[in-house]
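A closer look at the structure
The primary structure of each chain is shown beneath.
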Amino acid sequence: MSLLYVIVAFVFFASILIARKAKKKTLNLPPGPPKLPIIGNLHQLGSQPHRSISKFSEKYGSLMSLNFGKVCTVVVSTPEAARDVLKTFDVDCCSRPYLTYAARITYGLNDIAFSPYNKYWREVRKMAVVELFTGKRVQSLRHVREDEVASFVDFLKQSASAENLVNFNQKLMKLSGSVICRVGFGINLKGSKLENTYDEVIQGTMEVLGNFAAADYFPVIGRFIDWITGLHSKCEKVFKAMDAFFDQCIKLHLDDESIKDDFIALLLKLEREETELGEFQFTRNHTKGILLDVLLGGIDTAATAMTWVMTHLIANPRVLKKVQAEIREVIKNKDDITEEDIEGLEYLKLVIKETFRINPLLPLLIPRETSNDVKIGGYDIPKKTWIHVNAWAIHRNPNIWKDPEVFIPERFIENKIDYKGLNFELLPFGGGRRMCPGMGMGMALVHLTLINLLYRFDWNLPEGMEAKDVDVEESYGIVCPKKTPLELIPVITKWT
Ligand code: HEM
C-alpha cells in the first residue's frame, strides 16, 4: 500500500516538474548570452556590472535575460523599454526582490526601499510622501542646511589660508551626514558621543549592502558561503551597532519631548497614535526601518552627487569658468546665499543634469521584481523575475545623446529632458511608483552647497596636476562614488 502511495506521489511531482518545464519552453523570454550551469552569468558581471551588462545589451537588445544562480533577471537598457517597465507595466514590475541582508538590516523589510509591493508599502510610502518628504518640510529644515553649509565654508576658509588639500569624498560625506543627522535624528553629530558610532554604522551598512551576497543567489549553500566569507557575521555586527545608534537617538527624544521637528519625532508620534499601515500597526521596528532608509538614502547620494559635479567642473575648466561667472553675476556680492538663488542659475542646473547623465549614482537603480506574469515588448516575463533598469546604459545611448562620453552641459539647452521621472532618457532618481521620494531634500543640499563652493572659492588642483589628469573613473557599490578621492585646494577670492 505504502509503495503505491510513493508511486502516486512520484508521478504527481514528476508531472508538475514536466508541466513547468514545458511551460518554460513555450515562453518567449528575452534573449541573453549563454549561461554556465549553476552560476548562470555571474562570472560575466565583473567589478562594474553596469558596464559589463551594457556591452551585452548592445548585442542582445533593450530587454535581455540573464541568470545569476537561481535568480532570473531581465535588464532594461533603452528609454522605450524603461517606459514599459516604469510606467505602462509599473504596477506589475514594482515589487522588490528579497535580499537576505537588506531584510535583516531593515528589521524584516519594515522600511520603504526594500519592502515588497504590498499594502504596507503603499501605506508607508504615502505617509512618507505626505509627512516626511513634502516641499513644506524640506523648506522648514532649510536652517539646518544653511547652518551646516556655513560651517563647511568656515572650514574651507581655514583650508584655503593654510593651502591645505580638501578631500571632497570625505568632507562632503561629513557635511551630508551632519545635515541628515539633524534633520532625521535631531542630533548634532559634531563632538557628540554618537560621532564614532555613526561612522561605523554608515560605512558598515554600505559595505554589507554593497557586497555580493551568495545567499541571494544560491539556496542553502549561499548562506554557508556568506558564513565563510564573513558577510553574515559582519551583517550581525553592523546591525547591532546600528540598532544601538537608533536606540540612543530615540531615547534622546523620549527624554526631551521638546524635540519636535525631525523625522524621529514624527515617527514616534505615529507609534503613539497607533497608526495603522495596511493590516499592520506602526511599531518601533517600522520607525527604525524608515530611519535606516533616511541614513542610506540621504547621506551617500547627496555627497557623491556633489563630488561628481566638482570632479567634472575641475576636469573641464571652460565649464567651470562659465558656471562661476553665472553664479557671481547672479549672486552679486550678496553674502546670505539662499536656496532660492538656484532659480536664476540656469547654467548650474544644466551642469548638474549633465553630471547625473554621465554618472547616475545608482546606475542599475534598486532591483525590482515582477509580481505577476507580464508581457513586455513581445517577450514573456514571468512572475518573480528581477528587473534591473540600466540607467547608466540609457544615459550613454548614442541614439539619444551625441558624444555620450563627453561632458557637455549645453546639450540640455535645446533638449528639455529632465530628471523628475517623466523622461525615460534620464533616470538618476528612477521612475514610477518606486521613484526616489527624497529628491527634493537631496537636491536642496546639493544646490546650496554647490552655489557656495563655486561662488566663494576658486579651486586649484594638487601641485603638478592638470585638468586633463583628473580621474573620472567610478567604483561600484550601493552608490557609485569616484574611485580615487577628489582632492582640491580652495582659494580665497573677493567673494569669500
Ligand atoms: C541626490 C540625491 C539622491 C539620488 C540621486 C537618489 C536616487 C535614488 C534612486 C535611483 C532610487 C531608486 C528608484 C527606483 O528604484 O526606481 C532611490 C530610492 C529611494 N530614495 Fe533616493 N536618492 C537621493 C536622495 C535621497 C534622500 C535625501 C532620501 C531620504 C532622506 C532618499 C530616500 C530614498 C528612498 C526611501 C528610496 C526608496 C523608494 C521606494 O522604494 O519606494 N533618497 N533614490
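Each chain carries its own residue numbering, running from 1 in the written order of its sequence. Whole-chain, interface and lining totals are the exception, using all residues; otherwise, since this is a predicted model, local features are given only for residues with pLDDT of at least 70 and side-chain atom pairs are given and counted only at 80 or more. With hydrogens and water set aside, each side-chain value is computed from the structure's full complement of heavy atoms.

An unreviewed UniProt entry lists the protein chain under the name Cytochrome P450, with Eruca vesicaria subsp. sativa as the source organism. UniProt positions are given in the numbering used here, feature names are shortened, and annotations may be inferred rather than shown by experiment. Under the UniProt heading Cofactor (unreviewed entry), the entry covering the protein chain gives this text: "heme".

Some details on the overall build of the protein chain
Only DSSP runs of H or I with at least four residues qualify as helices, and only runs of E with at least two residues qualify as strands; both kinds are numbered from the N terminus onward. The helix and strand inventory of the protein chain stands at 19 helices and 11 strands. In this setup the radius of gyration rests on C-alpha atoms only. A globule is expected at 2.2 Å times the number of residues raised to 0.38. For a compact globule of 496 residues, the expected C-alpha radius of gyration is about 23 Å, and the protein chain comes in at 24 Å, within 12% of that figure. With respect to the principal axes defined by its C-alpha atoms, the protein chain has extents near 95 × 55 × 40 Å. Within the protein chain, contacts between residues at least 6 apart in sequence are counted, and of these 75% link residues at least 24 apart. Approximately 23200 Å² of the protein chain is accessible, and the part contributed by carbon and sulfur atoms is 57%. For this count, His and the chain ends are skipped, Lys and Arg are scored as positive, and Asp and Glu as negative. A single reference atom marks each charge: NZ on Lys, CZ on Arg, CG on Asp, CD on Glu. Each charge class in the protein chain was averaged separately, 63 positive and 61 negative side chains, and the resulting centres sit 5 Å apart. Should any heavy atoms of two residues lie within 4.5 Å, those residues are considered in contact. Throughout, the Shrake-Rupley method with a 1.4 Å probe supplies accessible areas, and for residues the shown protein chains are the sole cover considered.

Focus on the environment of Asp 336
In this structure, Asp 336 sits in the loop between helix 15 (317-331) and helix 16 (346-358). Relative accessible area decides the class of each residue, using a 1.4 Å probe on protein chains only: under 20% of the type maximum gives buried, over 50% gives exposed, and in between gives partly exposed. Assessed through its relative accessible area of 52%, Asp 336 is described here as exposed. Here the alpha-carbon distance between Asp 336 and Val 129, two residues 207 residues apart in the chain, equals 30 Å.

Let's talk about the packing of helix 9 (residues 168-185) against helix 19 (residues 439-456)
Between helix 9 and helix 19, the shortest axis-to-axis distance is 12 Å and the interhelical angle comes to 130°. Considering their axes alone, helix 9 and helix 19 lie oblique with respect to each other. Seen along the crossing, helix 9 lies across helix 19 with a hand that is right-handed. Contacts between helix 9 and helix 19 involve Phe 168, Leu 172, Leu 175, Ser 176, Val 179 and Val 183 from the former and Met 441, Leu 445, Thr 449 and Leu 453 from the latter. Ten residue types, Ala, Val, Leu, Ile, Met, Phe, Trp, Tyr, Cys and Pro, are classed as nonpolar, four, Asp, Glu, Lys and Arg, as charged, and the remainder, Gly among them, as polar. Split by residue class, the contact of helix 9 with helix 19 holds 8 nonpolar, 2 polar and no charged. Throughout, an axis means a line fitted to C-alpha atoms (over the contacting stretch in the case of helices), and angles, computed between N-to-C directions, take values from 0 to 180 degrees. Relative orientations are named as follows: roughly parallel for angles under 35 degrees, roughly antiparallel for angles over 145 degrees, roughly perpendicular for angles from 65 to 115 degrees, and oblique for any other angle. Crossings are assigned a handedness: left-handed for a near helix turned anticlockwise from the far helix by less than a right angle, right-handed for a clockwise turn.

Side note on the site of the ligand
Around the ligand there are 23 residues in total, and Arg 96, Arg 125, Gly 297, Arg 434 and Cys 436 lie nearest to it. Here a polar contact is recorded for every N or O atom pair within 3.5 Å, except that within protein the pair must consist of a potential hydrogen donor and a potential acceptor, and residues adjacent in sequence are included only if both atoms are side-chain atoms. In the environment of the ligand, an oxygen atom lies 3.2 Å from a nitrogen or oxygen atom belonging to the side chain of Trp 121. In this structure, an oxygen atom belonging to the ligand sits 2.9 Å away from a side-chain N or O atom of Arg 125. The biggest single contributor to the shell around the ligand is helix 14 (residues 284-315), with 4 residues. When the residues that make up the shell around the ligand are grouped by side-chain class, the tally is 11 nonpolar, 7 polar and 5 charged. In these notes, residues near a molecule or strand are those with any non-hydrogen atom within 4 Å of it.

A short note on the side chain of Arg 142
Along the polypeptide, Arg 142 turns up in helix 8 (residues 142-161). Here Glu 340 takes part through its side chain, which lies 2.9 Å from a polar atom of the side chain of Arg 142. Once residues lying within four places of it in the same chain are set aside, the contact partners of Arg 142 are Thr 338, Glu 339 and Glu 340.

Considerations on a nonpolar patch on the surface
On the surface, a nonpolar cluster with roughly 540 Å² of combined accessible area is contributed by Ile 221, Phe 224, Ile 225, Trp 227 and Ile 228. Summarising the element assignment, Ile 225 is placed in helix 11 (residues 221-229). Note on Ile 225: relative accessible area 33%, which makes it partly exposed. Residues form patches when they are more than 30% accessible in relative terms and have no salt bridge. Like charges link within 9 Å. Nonpolar side chains (Val, Leu, Ile, Met, Phe, Trp, Tyr) link within 5 Å. In the sections that follow, a salt bridge refers to a side-chain nitrogen of Lys or Arg positioned within 4 Å of a carboxyl oxygen of Asp or Glu.

Side note on the packing of aromatic side chains
To pair, rings of Phe, Tyr and Trp, with the six-membered ring standing in for Trp, must have centres within 6.5 Å; the planes then decide the type, stacked if under 30 degrees apart, edge-to-face if over 60, and tilted in the middle. Tallied over the full model, the rule gives 20 aromatic pairs. With centroids separated by 6.2 Å and ring planes inclined at 20°, the aromatic side chains of Phe 224 and Trp 227 adopt a geometry described as stacked. Residue Phe 224 and its partner Trp 227 are located together in helix 11, separated by 3 residues, close to a single helical turn. Here the aromatic residues Phe 68, Phe 212, Tyr 217 and Trp 386 are joined through ring pairs into a cluster of three or more. Directly above the aromatic system of Phe 239 lies the positively charged group of Arg 104, at a separation of 4.0 Å from the ring centroid. Criterion for a charge above a ring: Lys NZ or Arg CZ within 6 Å of the ring centre, and within 35 degrees of the ring normal.

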